[in-house]
Protein chains: 2
Amino acid sequence: MTRADDTPDKASAAPLHMIDIIRKKRDGGALSEREIRFVANGAASGSIPLEQLAAWLMAAWIKGLSLDETRALTLAMRDSGEKFSPVRLGKTAVDKHSSGGVGDKTSFLVAPLAAACGVAVPMISGRALGHTGGTLDKLESIPGYRTALSLDEFESVLKQCGASIVSQTPALVPADRILYALRDRTGTVENPSLICASILSKKLAAGLDALVLDVKTGSGAFLRDVRQAEFLAALMVATAEMAGTRTVALLTDMGQPLGRAAGNWIELVESIELLRGKQPAEGPESNFDLRELSLILAGWMIHLGGKADTPESGYERAEAALMDGSALRIFFEMVEAQGGDVSVFHDAEKFHKPGVTEVVTAWESGFIAEMDTTALGWAVQRLGAGREKAGEPVDPHAGILFHARRGAQVKRGEPLATLYATSAAQLAEPREILCQAITLSKDPPHAVVPLVSRIFTRDSAEKYLQNAVR
Amino acid sequence: MTRADDTPDKASAAPLHMIDIIRKKRDGGALSEREIRFVANGAASGSIPLEQLAAWLMAAWIKGLSLDETRALTLAMRDSGEKFSPVRLGKTAVDKHSSGGVGDKTSFLVAPLAAACGVAVPMISGRALGHTGGTLDKLESIPGYRTALSLDEFESVLKQCGASIVSQTPALVPADRILYALRDRTGTVENPSLICASILSKKLAAGLDALVLDVKTGSGAFLRDVRQAEFLAALMVATAEMAGTRTVALLTDMGQPLGRAAGNWIELVESIELLRGKQPAEGPESNFDLRELSLILAGWMIHLGGKADTPESGYERAEAALMDGSALRIFFEMVEAQGGDVSVFHDAEKFHKPGVTEVVTAWESGFIAEMDTTALGWAVQRLGAGREKAGEPVDPHAGILFHARRGAQVKRGEPLATLYATSAAQLAEPREILCQAITLSKDPPHAVVPLVSRIFTRDSAEKYLQNAVR
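A quick note: this is a predicted structure, and the numbers were derived from the prediction, not measured. (Residues numbered from 1 in each chain as written. Chains lettered and ligands numbered in written order. Predicted model: local features only at pLDDT ≥ 70, side-chain atom pairs only at ≥ 80, totals over all residues. Heavy atoms only, no water.)

**Notes on the relation of the copies chain A and chain B**
The pair of chain copies shares a relation made of a rotation about an axis and a shift along it. Each copy of the sequence occupies a distinct position, and chain A is placed on chain B by a rotation of 179° and an axial shift of 0.0 Å, giving an RMSD of 0.1 Å. Both copies of the chain, as the preceding transformation shows, are related through a two-fold rotation axis. Within chain A, Glu51(A) has its C-alpha nearest the rotation axis, a separation of 1.9 Å. Looking at chain A, 100% of its interface residues are interface residues in chain B too, so the copies touch through the same face. (Least-squares fit on C-alpha atoms with pLDDT ≥ 70 in both. Contact = heavy atoms within 4.5 Å.)

**A word on the interface of chain A and chain B**
Counting from both sides, the interface comprises 40 residues of chain A and, opposite them, 40 residues of chain B. Summed over both partners, the interface of chain A with chain B buries about 3,500 Å², with 61% contributed by carbon and sulfur atoms. On inspection of chain A and its partner chain B, the count reaches six salt bridges. Put simply, Arg26(A) and Glu190(B) hold a salt bridge, and the shortest N to O gap is 3.1 Å. Counting the contacts that link chain A with chain B gives ten residue pairs in polar contact (both at pLDDT 80 or more). Mapped onto the side of chain A that touches chain B, the elements with two or more residues apiece are α1 (18–26), α3 (50–63), α8 (174–186) and α16 (373–385) of chain A. Here the element with the most residues in the side of chain A that touches chain B is α3(A); it accounts for ten residues. (Buried area = accessible area lost by both parts, 1.4 Å probe. Salt bridge = Lys/Arg side-chain N within 4 Å of Asp/Glu carboxyl O. Polar contact = N/O pair within 3.5 Å; in protein donor to acceptor, adjacent residues only side chain to side chain. Helix = DSSP H or I, 4+ residues; strand = E, 2+ residues; numbered from the N terminus.)

**Quick look at the confidence of the model for chain A**
All names here are of chain A. Overall, the predicted model of chain A reaches an average pLDDT of 93, with 97% of residues at or above 70. In the model, residues 1–11 has pLDDT below 50 throughout and makes 32 contacts with residues more than four positions away in sequence or in other chains. Across the interface, the model reports ipTM at 0.86; the global pTM reads 0.87. (pLDDT = per-residue confidence, 0-100.)

**Quick word on the packing of aromatic side chains**
Within this structure, the stated rule accounts for 16 aromatic pairs over all chains. Ring centres of Phe108(A) and Phe331(A) lie 6.4 Å apart, and the angle between their planes is 75°; this geometry places the pair in the edge-to-face category. With a gap of 223 residues between them, Phe108(A) in helix α5 (residues 106–116) and Phe331(A) in helix α14 (residues 326–337) connect regions that are remote in the sequence. Residue classification places Phe108(A) among the buried positions, given a relative accessible area of 1%. Three or more aromatic residues joined by ring pairs make a cluster, and in this case those are Phe108(A), Trp265(A), Phe331(A), Phe332(A), Phe345(A) and Phe351(A). Taking NZ or CZ as reference, Arg26(A) lies 3.8 Å from the ring centre of Trp61(B), over its face. One cation-aromatic arrangement involves Lys202(A) over Tyr180(A); the distance from NZ or CZ to the ring centre is 5.3 Å. (Phe/Tyr/Trp six-rings, centres within 6.5 Å; stacked < 30°, edge-to-face > 60°. Buried < 20%, exposed > 50% of the residue type's maximum accessible area, 1.4 Å probe, protein only. Lys NZ or Arg CZ within 6 Å of the ring centre and 35° of its normal.)

Written out as structure tokens, the structure reads:
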């Protein structure tokens, strides 16, 4: 059998062969920057066949990539296609990235909040997949809103509004498009280095000066194990900082949906209410967490973007922009600049036209002790708001509105949630999942879960990684 | 991201998904027979895409397959296509398989020897690849010889002659055709379980009653580490026995080419000389090893096929069939039955028409202490006798004839080997490789390497595997 090792004359400057790189990683070797760049460029150009990339991904998944290899892969993927340069915006470019969740609509708040405080927010977002929602799907529930802008149009919206939320262009980070889809099919998704390279390559290709990472923990998080989430957060901070982008990561609670609404249009409605300066709802359906997390994230963006000395003063600036309506104005300007019809927000309730509506009530009296948020995300998906496979359409009006949240006391027969679906046939399974996912208990939950449990800056991330045993 | 684990309602009788099987093996889990059969059938039918098979192969390579998993994969691959049934032959069906080497031409001897002693030898062989030669390429140097027979033609030749050497039909073990080619591209070749399943699935699909395995060790072996070779040998014996085929494995020396000739036509010539009852050459170019190993292997085939009480008496019967010309008659009958022109053997030297010939002489006086037989195999390949990639043509007349073998004493200027190539331009690199591969020493080599170093029967194989730490 032909083995490159067996052939004579293998000089060090010789051309690279994918088979050698696969075998090296399979045997636990450390790949050079040149070898990793060969993989990323071969993925982007299609010169390396999918089966070889798949074998390499599995070897990397099992044997792991070092910090150096992770950085090299991130940069090679960033460089695999065209890039966006925010230099001509004349502002510091800052973005936020969340690792996904249920009801996570902070992007609609932090983008205009940070823009209102003087930084540019060039935000390249994703779509719903599995139990997690997608920022682009939510925005597309606004009639006319275009997410697929060219980089020139992106720049033009950013110049005009200070913020723009768009989809990835085909030419941006092509290596990630290939590898991301391949990882999904080959069981090589949940690896910190591969996740880090996938997320950061796209963020770094947008030319960011600073980046705030929101890494979820708890029952709705992609990485439910808190140590895995911490490791990923620290790895991303260290990698992005090595690439020259000031970065911070917050570990935040996804032990229940964020805010009251989970779906598409209903999440925008909830966001706009807060941007209008309305105080968060009180009582069992309070969405204080959504407002608070958005202000904390925006505060860090404003601070890292040089517009506030501390994240706390950034928070205060963001809150001022929320209360004086300047962030709302920026959001509407952005929607209009991207072709969206803002008039739908005049009477947002009226625009909401779900096919069917059903209220689920408490089956006994008690406290909401736990919410299996991943299961709730699947319920939202199966109501029609999300998708199981890439490319499937979504229903903008489907989703769940929660009337009682974790820790709330409810009486038997009181409403827990309202389900919105395209058709009545779609209600049964989500209703069943919802009832299974919510645990009612006689006693109030004893532990209070902090909204932000840990923050990694460059120094603390590097220290964490030095001590981490993977 | 969509994960099957996250979805509710996963019953045990649910349909299988390749992504789950990949993840299970990736995490070191043990796959069920049903899961392994799903993989083999999906490979054969094309319903599992190559990238998923590649990821699974890498996970299996790194995490390993248990004895049960190896057996399940072997049987599932065996069952992935049509099979040959030797029942209508009315004889015990026995085959020999060698793990490949340089100058290994025992098939041309053992097939007619065993057939002459009353067993049927349905032999499905392979082609040259890399540094190893291929039985089919050698046979095809006989004008007219057809290796691609249908199973009906195969049966007809076997009924007439008792032996037939053919190529794998496209419908036989399709799972292996897919996986074998994929392993070559994805760095997942050298794994004992995958090698075992690949070899045995094809042998078991031929419906064998018994099988003799010749596992090479030494500088020309595919597995140079003797413990790896032992493990593979024991694994194959245990797996084939579990599948109901009486099996024995011999670890044999490939520390020098087997016999004097390495190429295509010249290997047939050497074989026919021995089948004609000619005593092996004497002195430095003795090919006693080829005759001896062929008789030992044939002796085991005859014994396992029930035509001799012991392998030793099988050896004696084989030697008698060699000396009385009955094996030679069977070989010629087989060649004619498969369309070959036996007249070329009347004056075999005259039929040999290499493009160019060059004699390489000893550059100093001394003993041949070592031969890097893998390198010698590459020299043979680069003379034109072999191929680097599947599908390339071979030159039937190219090759090397060795005039001095390991341990021989040579004087400076005496011939070491004759090179045959298609054109003069092809001589330089093989000559250089040959001179690098042969170590001349002042002292005779002190260690005598046994031709057969170890034999595994069912009992000793199972004992070995129980003690083996992989």
